[in-house]
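Each chain is listed here by its residues.
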Amino acid sequence: MSERSLILVVDDEPALLRAMSPSLVAAGYAVQTAETGAAAIAAVASQGVDAVVLDLGLPDMDGKAVIDRVREWSQVPILVLTARDAIEEKIDALDRGADDYVAKPFAMPELLARLRVALRHAERRHLGGGGVLEAQDLTVDFATRRVFLMGEEISLTPREYDLMRTLARHAGQIVTYKQILSAVWGANPPQDNQFVRVLIGQLRQKVEKDPSSPRLILTETRLGYRLNA
Amino acid sequence: MIRRIKTWRWFEAVEIALSLVFVLAAAAAADLLLRQNAIVNPAPVFLIAVLLAASLFGVRAAIVSALSAFFLFNFFLVEPRYAFRLASPDDYLGLLLFLAVALITGYFAGQAHDQARRSQDRAQILGALFEAGSTMAASASPEEIARAAARAGVRLAGVGVCVMARPPGGPWSGDTPLALLARDGAEAAAPPLAARDLDHLTSALAQGWSGWRLEGAEGPLGALLVARPARAGDPETARMLGVLAQLTATALERAALQGEVSQARLQAESDRLRAALLNSVSHDFRTPLSGILAAATSLVQDGESFDPATRRDLAQTIQADAERLGRYTRNLLDMTRLEGGAVRARLDWIDVAEALGAVASQARRLHPGVEIVVTPPAQPWLVRADDMLLEQALLNYVENAAEWAGDGGRLQLSAAPVDGGLGLMVDDDGPGVGPDDIDHVFEKHYRGGDPAARRLGPGLGLSIVRGFAEAMGARAIAESPSPVSGGARFSLVFPETAVEQTP
């Protein structure tokens, strides 16, 4: 990267901001902080922010409202910080367009890893579609709709491929049940997560070395799945 | 033959018509026999028809056939024929005698028949009541009780029936019945019934329904409403509908009481838990906090004078104790939710293999020093469980086992049929659990006799497993030694009713 990516960290806890900043800077990012939702929206609007780390519990407005406002005009990656057991809040934030989440309390390496993935994803999107994704032994060629495992092509049904592609497009990031349902089943997707679970099971049989101990397609219980890249 | 209640009136008309046919047939036969001079007196032929009608169709048919036989006899067969006049006073006497005999024999034969029919009806009514009663006795749900009452009501009255009652714990909503059954499944609208109208049911009466109050110990609970026109007009049916209403009221009250009792039990349990939690906070949170505070203050005070290895060591102490504190907090939150009754299992069919795989991948991340092996289940099992609770329960097992097994230890996750259902198991190769402790491991703050166990922190993890298991209708079980590894086996056992195999 020629230029340092600018990360906006939105949290109303100064101690946490102080603790996070040095490590973000050490990882090669420029850091800007905001303590309110309004300040965060203003910062995204006025400066070339490359990614947002957003705490959902802000003093002035609901963090999810910040996602809504930002998504009105910007595709900047948003990483939300949530409480561990706030499962519905996580689903809600992800469905509103957050890219990923990190549960509080978190360790810095975890946050940095998620941030890296989100920035990479944004960059890929910026470069346009097509291309090839490689994750562990898996290769997905988007242009030809072909999938390889250790160089060997594997045959997938159209649905399995659509699922593989959706996961691969967001490699390293969580993809919710809802996102999978609409990506694979189209405009009027069924409302039952069981469809997704069954399809994931089929896909794992084909791409995992040991389907009972998946290392490639990870389950995010109740939320969705994540391609481990 | 079992007559169905709904065809009652139609049947009666047919019966009368058939009786008349019998008499006409008798007249024709008598005419024929008279012409051939086979008989002199046709009266017995008519009597046969009357007796036949009486014994088949009852008293009413008997009287109708006796009277019609009397007229036909007179009109067609007695001289002068085809007129209601008689030739001699003797004929009068004979004819009147015939009428008397026909009426009397017909009446008695018919009564015997009616008696039989009434017993049959009563048996049916009692059957309907008995069935409703046993369904109600087995049920704690007001909706189910109401449905059973409505079903029996339809069988008794032969018309649409609806049951209005106060929903459990809720306010009276007089326009949505708990159960509404129309005869033959036809649509029917229930009459709205205001709470203040429960005493007299006038609004229902005005809308063409008959009503029986469901009398509770503390005033009316609701009403059993029966559409008119009904057999409810018949006093016997009305009495039986009254009995049904009483039965329903009793069942509804019992269901409500049952709900209250389990509420009270929950309250007592939650008080006990609260006391234990307070204990946990005061004792177990201070230990890691002390470590954090000591390490952090030495770094602030003398950080510059320490060599890098010492600084790193202190920072790692802070990290380890903070992580421990994080785990305690999570456990405490889980326990608080459990004790507050806030844990509501969201049950769904969960693929066991997928759940074990998800737990294993999380466990590997949390305990990189421990080897974690998943043995895939032999069958594609599904269990009825809450995905989050199941995952957390298994992770708590893993956490407990990993702490005992230590770095370099080995855990095994598997699933197999066990006594009473399907077991999801975590086996470790740690030191195992002593026979004195094995029965207590799921108790709150139980750490066993080993003083070294104190450093493992509050014994909440396994109690949470038990709480989550119970919330899902499963059981938490500990065995030591494990049948497969040297250490202990902890399992969640789902009952057979909550287990399925994918096709």
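Residues numbered from 1 in each chain as written. Chains lettered and ligands numbered in written order. Predicted model: local features only at pLDDT ≥ 70, side-chain atom pairs only at ≥ 80, totals over all residues. Heavy atoms only, no water.

## So, the overall build of chain A
Tallying secondary structure elements over chain A gives eight helices and 12 strands in all. Evaluated residue by residue, chain A yields a buried proportion of 52% over its 229 residues. Contacts in chain A between residues at least 24 apart in sequence constitute 58% of all its contacts with a sequence separation of at least 6. Accessible area for chain A stands at about 10,500 Å²; split by element, carbon and sulfur atoms hold 51% of it. (Helix = DSSP H or I, 4+ residues; strand = E, 2+ residues; numbered from the N terminus. Buried < 20%, exposed > 50% of the residue type's maximum accessible area, 1.4 Å probe, protein only. Contact = heavy atoms within 4.5 Å. Areas by Shrake-Rupley, 256 points an atom, 1.4 Å probe, with all protein chains shown as cover.)

## Thoughts on helix H4 (residues 87–95) of chain A
Along H4 of chain A, the positions that sit buried rather than exposed are Ile87, Lys90, Ala93 and Leu94 of chain A. The buried residues of H4 of chain A occupy one face: seen down the axis, they fall within an arc of 130°. In the core, the buried residues of H4 of chain A are packed alongside helix H3 (63–71), strand S4 (78–83), strand S5 (100–104), strand S10 (174–176) and helix H7 (177–185) of chain A together with helix H11 (387–405) of chain B. (Arc of directions from axis to C-beta.)

## Considerations on the packing of aromatic side chains
Applying the stated rule across the entire model yields eight aromatic pairs over all chains. An angle of 75° between the planes, with centres 6.2 Å apart, marks the rings of Phe46 of chain B and Phe98 of chain B as edge-to-face. Taken together, the residues span a long stretch of sequence, with Phe46 of chain B in helix H2 (residues 43–57) and Phe98 of chain B in helix H4 (residues 89–138) at a distance of 52 residues. One aromatic cluster is present, formed by Tyr397, Phe442 and Phe490 of chain B through successive ring pairs. Lying over the aromatic face of Phe142 of chain A, Arg169 of chain A brings its terminal NZ or CZ to 4.0 Å of the ring centre. (Phe/Tyr/Trp six-rings, centres within 6.5 Å; stacked < 30°, edge-to-face > 60°. Lys NZ or Arg CZ within 6 Å of the ring centre and 35° of its normal.)

## A word on the environment of Ala17 of chain B
Positionally, Ala17 of chain B belongs in helix H1 (residues 8–35). Spatially, the C-alpha atom of Ala17 of chain B lies 9.6 Å from that of Ser65 of chain B, the residues being 48 residues apart in sequence.

## Re the interface of chain B and chain A
Taken residue by residue, the interface counts 21 residues in chain B and 17 residues in chain A. Between chain B and chain A, a total of about 1,700 Å² is buried, with carbon and sulfur atoms accounting for 41% of that surface. Counting the contacts that link chain B with chain A gives five salt bridges. Residue Arg204 of chain A is joined to Glu354 of chain B by a salt bridge in which the shortest nitrogen-to-oxygen separation is 3.5 Å. Summed over the shared surface of chain B and chain A, the result is seven residue pairs in polar contact (both at pLDDT 80 or more). Those elements that place two or more of their residues in the side of chain B that touches chain A are helix H9 (308–339), strand S5 (348–351), helix H10 (352–366) and H11 of chain B. When residues in the side of chain B that touches chain A are grouped by element, the largest group, seven residues, is from H10 of chain B. (Buried area = accessible area lost by both parts, 1.4 Å probe. Salt bridge = Lys/Arg side-chain N within 4 Å of Asp/Glu carboxyl O. Polar contact = N/O pair within 3.5 Å; in protein donor to acceptor, adjacent residues only side chain to side chain.)

## Quick notes on the packing of H7 of chain A against helix H8 (residues 193–207) of chain A
Residue and element names in this part refer to chain A. Taken N-terminus to C-terminus, the directions of H7 and H8 make an angle of 75°; their axes are 10 Å apart at the nearest point. Taken together, the axes of H7 and H8 are roughly perpendicular relative to one another. Contacts between H7 and H8 involve Tyr177, Ile180, Leu181, Val184 and Trp185 from the first element and Asn193, Phe195, Val196, Arg197 and Leu199 from the second. Taken together, the residues that form the contact of H7 with H8 break down as eight nonpolar, one polar and one charged. (Axes fitted to C-alpha atoms, helices over the stretch in contact; angles between N-to-C directions. Parallel < 35°, antiparallel > 145°, perpendicular 65-115°, else oblique. Nonpolar A, V, L, I, M, F, W, Y, C, P; charged D, E, K, R; others polar.)

## A look at the sheet that holds strand S9 (residues 152–154) of chain A
Residue and element names in this part refer to chain A. Spatial strand order, S6-S7-S8-S9: four strands in an open sheet with antiparallel pairing. Edge strands, defined here as strands with exactly one partner in the open sheet, are strand S6 (132–135) and S9. Sheet twist, expressed as the average angle between the axes of neighbouring strands with direction ignored, equals 25°. Strand direction decides the pairing type here: strand S7 (residues 138–141) and strand S8 (residues 146–149), joined by four bridges, are antiparallel. Counted as the bridge partner of Asp141 is Arg146 from S8. On the sheet, helix H6 (residues 158–169) packs against S6, S7 and S8 and is oriented at approximately 100° with respect to S7. (Pairing = 2+ DSSP bridges.)

## Remarks on the pairing of strand S7 (residues 381–385) of chain B
Residue and element names in this part refer to chain B. Taken across its five residues, S7 has four buried, putting it largely inside the fold. As judged from the four bridges shared by S5 and S7, these two strands associate in the antiparallel manner. For Trp349, the partnering residue across the bridge sits in S7 and is Arg384.

## A closer look at the nonpolar core
Residues and elements named next belong to chain B. By size, the foremost hydrophobic cluster in this structure holds 55 residues, and its most contacted members are Leu390, Tyr397, Leu492 and Phe494. Among residues more than four places away in sequence, those in contact with Leu492 are Leu390, Ala393, Leu394, Tyr397, Leu422, Gly423, Leu424, Val465, Ala469, Arg475 and Ala476. Formed by 42 residues, the second largest nonpolar core is a distinct cluster that contains Ile125, Ala146, Ala223 and Ala255. (Core = buried A, V, L, I, M, F, W, Y, C linked by side-chain atoms within 4.5 Å.)

## Topic: the packing of helix H3 (residues 59–77) of chain B against H4 of chain B
All names here are of chain B. Where H3 contacts H4, the axes come no closer than 7 Å and their chain directions differ by 160°. Considering the angle they form, H3 stands roughly antiparallel to H4. Remark: the crossing between H3 and H4 carries right-handed chirality. From H3, Val59, Ala62, Ile63, Ala66, Leu67, Ala69, Phe70, Phe73 and Asn74 reach across to H4, where they touch Leu95, Phe98, Leu99, Ala102, Leu103, Gly106, Tyr107, Gly110, Gln111 and Asp114. Tallied by class, residues from the contact of H3 with H4 come to 14 nonpolar, four polar and one charged. (Left-handed = near helix turned anticlockwise from the far one by under 90°.)

## Quick notes on the pairing of S5 of chain A
All names here are of chain A. Extensive coverage of S5 is indicated by the burial of four of its five residues. Where S4 and S5 come together, five bridges link them in parallel fashion. For Thr82, the partnering residue across the bridge sits in S5 and is Ala103.

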